Amino acid sequence: MAWARLIQRYDTYLKKSQKGRGIIVSDDCQDANIRKLLRKMRVYNPTPSHYEGYYNVPVDNIIEDVFMRSSQHSTFIQAADFVAHTLYRKEFPKGSLKKFGLDKIFDELEPILLKKASRSDPLGIVRK
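From a predicted model like this one, the values you see are computed outputs, not experimental measurements.

(A) Main features of the pattern of salt bridges. What the rule picks out here adds up to 10 salt bridges. For Lys-90, the salt bridge is made with Asp-107, and the minimal N-O distance between the two is 2.7 Å. With Lys-90 in helix H3 (residues 75–91) and Asp-107 in the segment after helix H4 (95–98), this pair connects stretches of sequence that are 17 residues apart. For Asp-107, a relative accessible area of 37% corresponds to the partly exposed category.

Listed below in structure tokens is the structure:
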């Protein structure tokens, strides 16, 4: 479900904001499942309507299957892992790490967050 939402949100962002094409680079994970999901979403992608029911919005701005890279070989992937981990520690603080202020690091990223990603969260975090 998380991958489907990520793909949908990124495709929508490309359509509305950039009017361009994009790619997704990810840490090594379920390569075959994600490829199958993206290919399915390029044809059939039921999206909830603001009014009633669903409508089909095929993913057409992501130009290639997801590129998988090992995080140990990519500083870009390591940076994304870091941001995800700081959000996780903000939401679920660990007592032994509070003395290092790890639960407050995500707040430093606030100026660069894409807050338009979610109307219901002030930081733009997609929660559902």
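Read on, since the account is not over.
(B) Structural detail: the nonpolar core. With nine residues, the main nonpolar core is built from Ile-7, Leu-14, Ile-24, Ile-34, Leu-38, Met-41, Val-59, Ile-62 and Val-66. Those elements giving two or more residues to this core turn out to be helix H1 (2–18) and helix H2 (31–41). Looking at which element gives the most residues to this core, the answer is H2, with three residues. Among all residues touching Val-59, those that are not within four sequence positions of it are Ile-7, Gln-8, Asp-11, Leu-38, Met-41, Arg-42 and Asn-45.

(C) A look at H3. Given a rise of 1.5 Å per residue, 17 residues ought to cover 24 Å, and the 24 Å separating the end C-alpha atoms of H3 matches this to within 8%. Taken together, the buried positions of H3 are Ile-77, Thr-86 and Arg-89. In this structure, the buried side of H3 is in contact with strand E1 (25–27), strand E4 (67–69) and H4.

(D) Main features of a positive patch on the surface. On the surface, Arg-5, Arg-9, Lys-16, Arg-119 and Lys-128 cluster together into a patch of positive charge. Mapped onto the elements of the fold, Arg-119 is located in the segment after H4. We classify Arg-119 as exposed; its relative accessible area is 79%.

(E) Representation of the environment of Ile-62. The residue Ile-62 is located in the loop between strand E3 (54–56) and E4 in this model. A C-alpha to C-alpha distance of 9.8 Å links Ile-62 and Gln-8, two positions 54 residues apart in sequence. If we ignore the near neighbours within four places in the chain, the residues touching Ile-62 are Ile-7, Tyr-10, Asp-11, Leu-14, Gly-22, Ile-24, Leu-38 and Arg-42.

The rules behind the values
- Residues numbered from 1 in each chain as written.
- Predicted model: local features only at pLDDT ≥ 70, side-chain atom pairs only at ≥ 80, totals over all residues.
- Heavy atoms only, no water.
- Salt bridge = Lys/Arg side-chain N within 4 Å of Asp/Glu carboxyl O.
- Helix = DSSP H or I, 4+ residues; strand = E, 2+ residues; numbered from the N terminus.
- Buried < 20%, exposed > 50% of the residue type's maximum accessible area, 1.4 Å probe, protein only.
- Core = buried A, V, L, I, M, F, W, Y, C linked by side-chain atoms within 4.5 Å.
- Contact = heavy atoms within 4.5 Å.
- Expected span 1.5 Å × (residues − 1).
- Patch = residues over 30% accessible without salt bridge, like charges linked within 9 Å, V, L, I, M, F, W, Y side chains within 5 Å.
- Areas by Shrake-Rupley, 256 points an atom, 1.4 Å probe, with all protein chains shown as cover.
- Lys, Arg positive; Asp, Glu negative; His and termini not counted.
- Charge placed at Lys NZ, Arg CZ, Asp CG, Glu CD.

The quantities given are spatial measurements derived from coordinates; they are silent on function.
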